[in-house]
Amino acid sequence: MPQGISETRASGLTGRDAFPHRHLLAISALAPWEISFLLDEAEQWVTLNRAASAKHDGRLAGLTQINAFFEASTRTMLSFEIAGKRLGADTVNMHAAQSSVRKGETLIDTAVTLNAMHADVIVIRHGSSGAVRLIADKVDCPVLNAGDGWHEHPTQGLLDALTIRRRKGRIDGVIVTICGDVMHSRVARSNILCLTALGAQVRVVAPPTLMPADIDRMRVEAFTDFDAGIAGADVVMMLRLQNERMDGAFIPSPREYHMLYGLTLARLARAAPDALVMHPGPMNRGVEIDSIVADDKVRSAITEQVELGVAVRMACLDVLTRRARKVEGWA
Amino acid sequence: MSIRIAITNGLIVDPTAIAPIAGTVLIEGDSISSIGDSPAPSDADIVDAKGMIVAPGIVDLGVFRTDKPAFQFGGITRAGLMPDQSPPLDDPGLVQRAARAGKPDLWVHPIAAATRDLAGKEMAELAMMRAAGAKAVATGRQWIADSGVMARVLAYAAALDMTVIAHAEDGGLVGRAVATAGETATRLGLHAAPAVAEAMAVARDIALARQAGAALHFRIVSTAAAFALIRAAKAEGLRITCGTSPAYFQLSDIAASDFRTFARLSPPLRCEADRQATIAAIADGTVDVLTSSHDPRGPEDKRLPFADAAPGMAGAETLLALALGLVRDEHLTINALMALLSANPARLLGIDAGRIAAGAPADLILIDPDAPWKVDSAKMAAEAGNTPFDGLPVQGRVRRVMKGGRFL
């Protein structure tokens, strides 16, 4: 087991007291020890997922998990589906075309419909900030936010924290530089909240056109100069830049973005010598990150993030359904 | 001989006076015949207003819906109806119909759309709409982006002696934003525009109004920077006025935390410093009008993700009680407040209302100024309960409403 487990058990809370929430909608709703609890819970699933033989645990057998994705996603939906299946749940995927469902009362209607099917846990992604919470208020089962607009993507924040904790042995005091389109990024928000809650020193780097107002109020240091923001960093987390932002509205061109904000070997050399490179994927190689950096076997943790994502999602599905499964101490 | 009503023992608040006076208001027919301390005539119906304020009925400049029950609860006897209807009030026939909607209990004064379909492109038939009863011209919920169009609207309306009511948000800066840039919008991940969008719009429109010699009213102003520009324009002697609504002196953008769509307004709620600046602008006379901006919206418009929800609040019922809070906090006198709620908007619309004097129309409200009550979105008189003040304890309630010499 990696370091850091013992300190996070410090809350001494057990059963439902350790995680009293019905849903997982946002990192902002969690106390630091609740975040650590989920990370600790994920460790067992890392071990299981690496097993050479059958990767299966039947604890969610008989439960129905609906993955309702109102916004296109391949990786995250796959990760949630694998997580549910490895725990024995019956997973069902719903791809709701954004155009037909996004507007009007239909969102609430869809929530009511899902609820009527007696799902035991619902995983939701939606393109509008706050939409997942709106649905959660209308259903009887736990809801897991798989990303809502620019607001939050809590399991991404958790899996990134777990990656850092396993690689660095701790989170407290670690310098993390998050670089890219912070304004439009739910990944950035969940990571800022998650990592600062656990004691990391977080810096954000973004072009001035993609830096949200008053971001420093989220207990981070803001930079527009990547070279300054990366200096001495223990972790460099790159964000994906959507193509539509690079057409002149926010960024003049991909190549200018790469010049100022691309993670190159030369730039990485300004970070700590053993700096960890992270990216939530999918990557724009040659724009925000150079292939030679992304594929660095020692410093890049990008594939490990994907791996730990499954473990973290298994932990969340397990914890959120304990009450319904009448697990001792949780019923 | 017409019926005579004497309202006795009340505290009479005439916006044109400095302070309230105790006495009797005598009403004959549809107008006030005298005020003073002479005893009520023996043949008059006596209404004892002991402990009450007798004030002119509220003239609410810039509502989006004709909502009689809510207006009666709030003491609103005349409403300036925004052209943002469906279809928009850009045609004399539509104006005429809107003007008839409330009579006799409520007088609706339609405000003509400045441009056809409120699209900000071609001027609407302003003179014909004036002949049909339109009392002012408005750009609607949005800014007219094309400065040439706005310049022509101002010049044309000035010649017709109609006030132009403008929406003060620069469209380019706002885009599809639904919140003011700042900590709250950043934490919630909402599309936000900088607060300076308001001052940008105000600065341009003041410059154009100066050139046109037009009377220009900003329906809602909510930021310190915009108030500063308006203050300076007034000092210069331009015919520039502005209004605001209780949401902007009572709430800041924090009210939208948890994605509360009842706090999704247009313009969006601002930071705490701008809220304070709004109170200061009311206190120093920069603000001329307080409006409810009444816009009841049901769940089909509000039970949506924040960015998809329609902006607006049902404000008619809470306008007076929240405004009385300003008097209680000694930001202004009760007489000055009633000027903001009746005399000033009446002047901008060019209608005879908002005064208590012999010969004035008998549009009066009796206010119990200290009566406590609690705002409850589930029990509103309005068409919908979309109030950001749900659960707030307030003081001050309208007990009687008289329109045209008749108690409703």
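Everything below is about the structure printed above this text.
Every value quoted in this text rests on a predicted model; they were computed, and no experiment measured them.

## Notes on the nonpolar core
Within the largest apolar cluster, 99 residues are counted, with the highest numbers of intra-cluster contacts made by Leu216(B), Phe218(B), Leu290(B) and Leu341(B). It is helix α12 (residues 319–328) of chain B that provides the largest number of residues to this core, a total of seven residues. Beyond its immediate chain neighbours, meaning those up to four positions away, Phe218(B) contacts Ala166(B), Ala168(B), Val202(B), Asp205(B), Ile206(B), Ile230(B), Ile240(B), Thr241(B), Cys242(B) and Gly243(B). Of all hydrophobic cores here, the second largest spans 67 residues; its members include Phe37(A), Leu39(A), Met278(A) and Met314(A).

## A short note on the pattern of salt bridges
Summed over the entire model, instances satisfying the criterion amount to 37 salt bridges over all chains. Residue Arg322(A) is joined to Glu41(A) by a salt bridge in which the shortest nitrogen-to-oxygen separation is 2.7 Å. One end of the pair, Arg322(A), is in the segment after α13 (302–321); the other, Glu41(A), is in helix α2 (residues 32–49), with 281 residues separating them in the sequence. Residue class for Arg322(A) comes out buried when judged on its relative accessible area of 9%. A salt bridge links Glu122(B) to Arg116(B), with the shortest nitrogen-to-oxygen separation between them at 3.9 Å. Here Glu122(B) falls in the partly exposed class, since its relative accessible area comes to 45%. Connected through salt bridges with shared partners, the residues Glu41(A), Asp57(A), Arg59(A), Asp318(A), Arg322(A) and Arg325(A) form a single ionic network.

## Focus: the interface of chain A and chain B
Across the contact, 24 residues belong to chain A and 18 residues belong to chain B. Here chain A and chain B share an interface that buries about 1,800 Å² over both sides, 55% of which is from carbon and sulfur atoms. At the junction of chain A and chain B, the tally comes to two salt bridges. For Arg217(A), the salt bridge identified is with Glu183(B), shortest N-O distance 3.2 Å. Across the contact surface, chain A and chain B share six residue pairs in polar contact (both at pLDDT 80 or more). Going through the elements one at a time, α5 (106–116), α6 (131–136) and α8 (186–197) of chain A are the ones with two or more residues in the side of chain A that touches chain B. Broken down by element, the side of chain A that touches chain B gets its largest block of residues, three residues, from α6(A). A breakdown of the residues in the side of chain A that touches chain B according to their chemical character gives ten nonpolar, six polar and eight charged.

Criteria and cut-off values
Residues numbered from 1 in each chain as written. Chains lettered and ligands numbered in written order. Predicted model: local features only at pLDDT ≥ 70, side-chain atom pairs only at ≥ 80, totals over all residues. Heavy atoms only, no water. Core = buried A, V, L, I, M, F, W, Y, C linked by side-chain atoms within 4.5 Å. Buried < 20%, exposed > 50% of the residue type's maximum accessible area, 1.4 Å probe, protein only. Helix = DSSP H or I, 4+ residues; strand = E, 2+ residues; numbered from the N terminus. Contact = heavy atoms within 4.5 Å. Salt bridge = Lys/Arg side-chain N within 4 Å of Asp/Glu carboxyl O. Buried area = accessible area lost by both parts, 1.4 Å probe. Polar contact = N/O pair within 3.5 Å; in protein donor to acceptor, adjacent residues only side chain to side chain. Nonpolar A, V, L, I, M, F, W, Y, C, P; charged D, E, K, R; others polar.

In short, shape yes, function no, at least from these values alone.
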